[in-house]
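Next come the chains, spelled out residue by residue.
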Number of protein chains: 4
Amino acid sequence: MSAFEAFLSTPGMLGVFAQDAVVQAMLDFEAALAEAQAAEGVIATAAVVPIRRACALDQVDAAAIVAASGRAGSLAIPLVKQLTEAVRRLDAEAATQVHWGATSQDVIDTAMVLCTRRALGMVEHELAALEQALWRLAERHAGAPVLARTLMQPASVTSFGFKLVQWMAPLARARQRLRAAGEAALQLQLGGAVGTLAVMGDRGPAVARRMAVTLGLPAPAGSWHTQRDDWVRLGAEVGVLCGSLGKIARDWSLMAQGEVGELAEPSGAGRGGSSAMPHKRNPVAAMVALASALRAPQRVAALLQAMPQEQERGLGNWQAELAEWAGLWAAAHGAVAALAEAAAGLEVDPARMRRNILALHGLVSAEAASMRLAEVVGKPKAQALLEQLSRRCVAEGVLLAGLVKQAVADDAALAAAVTPQEIDTLFDPDHAAAHARARAAEAFERLRAQT
Amino acid sequence: MSAFEAFLSTPGMLGVFAQDAVVQAMLDFEAALAEAQAAEGVIATAAVVPIRRACALDQVDAAAIVAASGRAGSLAIPLVKQLTEAVRRLDAEAATQVHWGATSQDVIDTAMVLCTRRALGMVEHELAALEQALWRLAERHAGAPVLARTLMQPASVTSFGFKLVQWMAPLARARQRLRAAGEAALQLQLGGAVGTLAVMGDRGPAVARRMAVTLGLPAPAGSWHTQRDDWVRLGAEVGVLCGSLGKIARDWSLMAQGEVGELAEPSGAGRGGSSAMPHKRNPVAAMVALASALRAPQRVAALLQAMPQEQERGLGNWQAELAEWAGLWAAAHGAVAALAEAAAGLEVDPARMRRNILALHGLVSAEAASMRLAEVVGKPKAQALLEQLSRRCVAEGVLLAGLVKQAVADDAALAAAVTPQEIDTLFDPDHAAAHARARAAEAFERLRAQT
Amino acid sequence: MSAFEAFLSTPGMLGVFAQDAVVQAMLDFEAALAEAQAAEGVIATAAVVPIRRACALDQVDAAAIVAASGRAGSLAIPLVKQLTEAVRRLDAEAATQVHWGATSQDVIDTAMVLCTRRALGMVEHELAALEQALWRLAERHAGAPVLARTLMQPASVTSFGFKLVQWMAPLARARQRLRAAGEAALQLQLGGAVGTLAVMGDRGPAVARRMAVTLGLPAPAGSWHTQRDDWVRLGAEVGVLCGSLGKIARDWSLMAQGEVGELAEPSGAGRGGSSAMPHKRNPVAAMVALASALRAPQRVAALLQAMPQEQERGLGNWQAELAEWAGLWAAAHGAVAALAEAAAGLEVDPARMRRNILALHGLVSAEAASMRLAEVVGKPKAQALLEQLSRRCVAEGVLLAGLVKQAVADDAALAAAVTPQEIDTLFDPDHAAAHARARAAEAFERLRAQT
Amino acid sequence: MSAFEAFLSTPGMLGVFAQDAVVQAMLDFEAALAEAQAAEGVIATAAVVPIRRACALDQVDAAAIVAASGRAGSLAIPLVKQLTEAVRRLDAEAATQVHWGATSQDVIDTAMVLCTRRALGMVEHELAALEQALWRLAERHAGAPVLARTLMQPASVTSFGFKLVQWMAPLARARQRLRAAGEAALQLQLGGAVGTLAVMGDRGPAVARRMAVTLGLPAPAGSWHTQRDDWVRLGAEVGVLCGSLGKIARDWSLMAQGEVGELAEPSGAGRGGSSAMPHKRNPVAAMVALASALRAPQRVAALLQAMPQEQERGLGNWQAELAEWAGLWAAAHGAVAALAEAAAGLEVDPARMRRNILALHGLVSAEAASMRLAEVVGKPKAQALLEQLSRRCVAEGVLLAGLVKQAVADDAALAAAVTPQEIDTLFDPDHAAAHARARAAEAFERLRAQT
């Protein structure tokens, strides 16, 4: 494997789709097939024990299977050959019953389903950890006023809790949709040569139902050799998750900049240092998540490109899809695990958030002030006034609140309606964050109800 | 618009996201906003009539709005400016109430939601037409034996109905998932400057609820300025649909080849001719669908790439997403409309299907024959025999059935168990298609239940 | 066209691939074909004048051609039909000579080549303007010390000129490579029905050479109906340009943040305001370039995906490629034009750059200090010392220079070798920028030599 | 590594970017750095021998380096740490000189350059083998008439040599462009912390020049930490190669279909069989190349998406680019090696090609016949006649040549000008292929000149 794949994923997830795991899952398919067929009378009952015994990783040479797969055009052909040999060593008669009536794609697709079930569990596990860590940040810092920034410019004041909601709500949706997409996609594949289960005669559907039970998968409505829509939907859902994680990472990377300093990823042994610059603490979890958010969309695109598979089995596109699949999960797990770990130790600096607001001299409250004065003098006049005062505030480096107070004092109508205290309140970060806090509180309740 | 976009889409869908339609949808937002705000006491009731009256396409210059949008950084800024002027011409006081407390993204995203609702309806309409046309083909030709082909090589015999099921089942799923994804994604956007509805005070949520009712959209749980997951999920669903349509088109294009001739797109005035070759009838519907299946994945990838939007409003990525969106729907509608029209007149040639099976001299029944003989002599011996006979069949150009009969006659055990009539049956296309027909019949029942 | 395509491109470039322009270019092909064929004796000389006269936009109905193209499967078929009618109105005999021996793809590909030649010229024009504007910034601000930032964290001091070089060098390369790629790709397409020019007999190559001269294109070595490599290389080059522009835009957007403030896009009528926040000045040119840098890669991917075109003319993939092409150029021209305009008025704030350096209390000079002390006490000891002092600098908010001076004074060996003045120099931004200035000066010379 | 990556690539290429190879290349960088710095007096000469001795794979734990890289945010940090330890075991003083003044990206990018140089050589090697194999096919079969097919429909007659040219010309261009792109991209990376080589003082550029000589790389004009254009151009060139290989594979897969049978991939032990169907011979080389042509475009898109790297070192995008890079080369080498092997044994069936032409009853010569008759009766009349006769030919299943002869005999003007022998000639596949042969012969000469 490329050294840089490991860097952006996790050993756990790389193991899920590694040679040994895929070969073992293929063997699990073959064992379940033999059992189901014996139970339905398709093959001899005596064949089950030797086949099941041979369906173990130490009975075959996984590396040799993979090495032979390129010329064979499939992992299944060398695997079936080796497995047949392994069974023959135990029971020559049973060897004739191996892989009966199944096709390469049956064993490969089902193996991928089994591996993917594990992958999904692992992603869900880290997702829950990330959500938990963000809840803990909410407990401590939800109320803190912080700059909202639009188009990468300071815009107005919001609350840190409102930002948390923006990160967490998509994660809660991802959790639900991943589960639903997994249920639809993680189905047994069993169709025989061309999807019709013809060789098993009338007993094909019953064999499939038994296998599904053994492997803990839903009973399939039919084969899906070249109907990849539910499978690709699950992939797209993983892509959406990477996008939502990337959004969190983008925000962290911006808030962690030296000039902003509103949060920092945890430091620690071997974490985020620099080979040339001793003072640096790099946002490495954000880095991993951003890399995943860049790579995952291309893998989803590849899955979609692969959908127009030819007739009863695709040439090139099915195989490309299989190879892209693992990379997608590797990216997702790398991202969610990195963010979960960092979120648990994320350093949030509410004081710096407040200083960043104040450093803008009140400009971010210009809209609120304009709205308040508009109640007295109308929107056009209020807006024109605030625009003029904002320009002075920038040019002279003075506080906008002071300029507004002066302008109000200079205008009889305004002076009669708006007090200096009210103006101070308008420019107070805590006041400015009040609506954000209210919205966030409602959202937290909704999120809690979904957990 | 590029001349080649029109070529691969439909005038109807290109109109849905065209300048005038988007501007009108933005005006619909502004009118609904004013009404809701007046009802909640945020703006003066007297402003509603003039604002609603000005919210018509003939009151603004849509082309000028689009032309100014690049420098402005948003379509909304020049629109609000023009609308304010239009209202002022009717009522100067009301002009001060326009777009109160909303932000550019509110009006733009909601306008896109409104346009997308129309787009979704149009896609669903053609999808239903395509499904209907395929049902009609099933009524006439479901039972016809036809070659199944895997890795683009003849594999075995299936039924045309089984192929139809492979095309139709993903369409039925697409219909359901598009509806669900649309319900989740097609929500009002209303958050004000940074998503918190701060300017509208406590009345913000009530304004949003009223607007949602007016516009016929679900009441939103909150703003989703930079939480694009549900929106992108809808886009991914459209991408999956394009993939499923591309699979149909790929199959048609292969079955329509001159050397295969199992089906043909309808001919007709101006349809699929060649400027240089008078005898050609090109599969132009398949062409459009294949082009869409190639383009749509890249648009989905762009939507996913755009997800890590910065803080409270993205810089570049939100805008890129908006621009990619229309292209995705254009591709999807072009594809489904082309296939629906062609499916209604698709020429299916069951006789040619049968000839193509017979031209293989029985090779595609080798597996079935091998399985039958295996019951007598065991799988290894049966397979070896059939492999040898298949080689002779190819080398000598003789019928495999004859070779098998001879081999059975030459082997006492086989001769005792397998009759020549049984062998003929094994090589009969109708017999070979029997299991496919059974599987297809079950599937048609499931599909009918979902309609 | 979608309202958001216009927003991210330019009217000029959208016009280049619009319906009228493509149809006119197709007519230019037909006129040149007739002239060349008459000169070579393939068609009657008398046919040239009426054909040339009919090859004008007002002689055909471009909208009707595009409208008919979907069902026809090609723009060329309805165009040839209309053109033949138009010629017939002038001269019935000449009408029989129209489009003689050419195929749809000949006229469409050549028309796209002619349009693309204009597009390339327009991109080169704006690219030159952008480079000019950056040269002017270099004249004024090349020497200014500014923070270098790695992984979005302050890293060290560089010069603004060094940043300019990083922006400009890729543009100079883009200019050269675009030209070379254009020369290879912008070739006449003329192959007849299947690429062999069979219908024109032995005169085919001579006709092609004459047409190439008329249209100002290189003489082609042969047809390239399904050999799209040089064409796609040009597209990839446009994609690389968008990436290099995106890098500039990314840097601008980061340096223009409120908390950084090192540069700002120009303000001006209708430029980058906010509908809700009067004080904002949004980096709208960076926005357009970032959107292009996100969209263009997916269009390049589509071009590459389209390359495996079937046999002598692709089904779906050629058509998809044509449709993606225009979008790529639209994105590129939108980006380069926006950056060129903004660069001409870019506000650079060297004082703020210096303040941002100083705000880090000397941390960014830690590496330089460590290296200097290492000469006396060795690297490990020097690094350990600086790490410890850096931590104190951060924790106590004091200047690192002071801490270093104290440490040097406290250590006899260091005190003997390093003076306080030397330490002050190490921490002086101008000194820290010296090497960056030297590297940038060399680079500017290389760039000037390439202009 | 995912089991399916191996399946679609080659062990050789997977090794090029594997953990050990990348770590060794990083160590080669560190050794060359020390040597160059000692020669320039930046570090002590005595440090060179121990550093070089420690720069061997058995001196470090490559797996541990990769395992630590995720948290560290870079492969270089744990490598430098381990290397420093390894040197310290040999010479404590020398350990202080390791990696002096370089940055993580210097060692990583240069290591990738060194690995990529090997990768490029391997791709060029297989490309030459593929071209050779195609030349051998040309020697034997260039003249064979074969159907040209457009939009997947039979169009006209061409020669197999003309098809070979369409496959080979893009390969010859790919060879030249890959070399040129490699020369531009495969440069030393040496910039120090922020690209300015500041720590090495004035000797930085000289150190870089010496290192370039040692490593056999061109002397770099400067660092390219965030200027990835030339690097991405090389990647795009690999993507274009995959597209051109995919076009060959697409054609093979279509020509190898059972109903077409014009060519077949070689059979052989373990090659392209089917687990369920003994008679099948699958086009597995085409399968691998088609999979690569589907996957590579998405990797190129990822490289382009990664280009807008932040300031002096990207966060997430640089790392994503590194990880995508290896996959691109794996895809390309898998494809070219598979096609080269298969081309060497490709079975071409000129007799079947001729039969496929004849099976169309002369329809593909309709254009040629129309053109000949047009010389006598004008194009419109000739076309109308041929269209009518073509319809009869299809409807009645008779030879078009006979119908044309009859029509000529029935028309005095035609009968006087066109002899039956001439008509037979027009419908003779060898005659129909003549122009294709002439064009191909010219092209083969041009190709030979480029070898």
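**So, the pattern of salt bridges**
Residues and elements named next belong to chain B.
Working step 1: Applying the stated criterion across every chain, the model contains 128 salt bridges over all chains.
Working step 2: The salt bridge partner of arginine 88 is glutamate 85, with a shortest N-O separation of 3.1 Å. Of this pair, arginine 88 and glutamate 85 are both found in helix H6 (residues 76-90), three residues apart, which corresponds to roughly one turn of the helix.
Working step 3: We note a salt bridge from lysine 405 to aspartate 424, for which the minimum N-O separation is 2.8 Å.

**Overview of the domain arrangement of chain A**
All names here are of chain A.
Working step 1: Assigned domains of chain A: these are domain 1 (1-102 + 188-221), domain 2 (105-187 + 224-357 + 436-451) and domain 3 (363-426).
Working step 2: Using only C-alpha atoms to locate each centre, domain 1 and domain 2 end up separated by 33 Å.
Working step 3: Taken together, the contact between domain 1 and domain 2 spans 37 residues of the former and 37 residues of the latter.
Working step 4: Of the roughly 2800 Å² buried between domain 1 and domain 2 on both sides combined, carbon and sulfur atoms contribute 68%.
Working step 5: The largest share of the area that domain 1 buries against domain 2 comes from Leu8, Phe17 and Gln189, three residues that together contribute 28% of it.
Working step 6: For the pair domain 1 and domain 2, the interface holds one salt bridge.
Working step 7: Measuring nitrogen to oxygen at the nearest pair gives 2.8 Å for the salt bridge that ties glutamate 5 to arginine 295.
Working step 8: Between the two partners, domain 1 and domain 2, sit 13 residue pairs in polar contact (both at pLDDT 80 or more).
Working step 9: Of all the secondary structure elements, the ones that give two or more residues to the side of domain 1 that touches domain 2 are helix H1 (3-8), helix H2 (11-16) and helix H3 (19-39).
Working step 10: Looking at the side of domain 1 that touches domain 2, the element that brings in the most residues is H3, giving seven residues.

**Here's the deal with the pairing of strand S2 (residues 153-159) of chain D**
Residue and element names in this part refer to chain D.
Working step 1: The buried count for S2 comes to seven of seven residues, which makes it a mostly enclosed element.
Working step 2: Note that strand S1 (residues 145-150) and S2 share six bridges and pair antiparallel. Within S2, the residue paired with alanine 148 across the bridge is serine 156.
Working step 3: Between S1 and S2, which follow one another and run antiparallel, lie two residues, and leucine 151 among them has a positive phi close to 50 degrees.

**Overview of the relation of the copies chain D and chain A**
Working step 1: For the match of chain D to chain A, the screw axis carries a shift of 0.0 Å, the RMSD comes to 0.1 Å, and the turn is 180 degrees. Overall, the copies show the geometry of a two-fold rotation axis.
Working step 2: When the interface residues of chain D are mapped onto chain A, 100% of them again fall at the interface, so both copies present the same face.

**Things to note about the relation of the copies chain C and chain D**
Working step 1: Superposing chain C onto chain D takes a rotation of 180 degrees plus a shift of 0.0 Å along the axis, which leaves an RMSD of 0.1 Å.
Working step 2: Comparing contact sets, 100% of the residues at the interface of chain C also lie at the interface in chain D, consistent with an isologous, same-surface contact.

**Notes on the interface of chain D and chain A**
Working step 1: Opposite the 63 residues of chain D that make contact, chain A presents 63 residues.
Working step 2: For the pair chain D and chain A, the summed buried surface comes to about 5000 Å²; carbon and sulfur atoms form 66% of the total.
Working step 3: One can count six salt bridges joining chain D with chain A.
Working step 4: Between arginine 299 of chain D and glutamate 324 of chain A there is a salt bridge, and its shortest N-O distance comes to 3.1 Å.
Working step 5: Looking at the side of chain D that touches chain A, the elements with two or more residues in it are helix H1 (3-8), helix H3 (19-39), helix H5 (62-72), helix H8 (104-141), helix H12 (284-305) and helix H13 (317-344) of chain D.
Working step 6: When residues of the side of chain D that touches chain A are assigned to their parent elements, the largest contribution, 12 residues, is made by H12 of chain D.

Definitions and cut-offs
Residues numbered from 1 in each chain as written. Chains lettered and ligands numbered in written order. Predicted model: local features only at pLDDT ≥ 70, side-chain atom pairs only at ≥ 80, totals over all residues. Heavy atoms only, no water. Salt bridge = Lys/Arg side-chain N within 4 Å of Asp/Glu carboxyl O. Helix = DSSP H or I, 4+ residues; strand = E, 2+ residues; numbered from the N terminus. Domains from an automatic or database assignment. Contact = heavy atoms within 4.5 Å. Buried area = accessible area lost by both parts, 1.4 Å probe. Polar contact = N/O pair within 3.5 Å; in protein donor to acceptor, adjacent residues only side chain to side chain. Buried < 20%, exposed > 50% of the residue type's maximum accessible area, 1.4 Å probe, protein only. Pairing = 2+ DSSP bridges. Least-squares fit on C-alpha atoms with pLDDT ≥ 70 in both.

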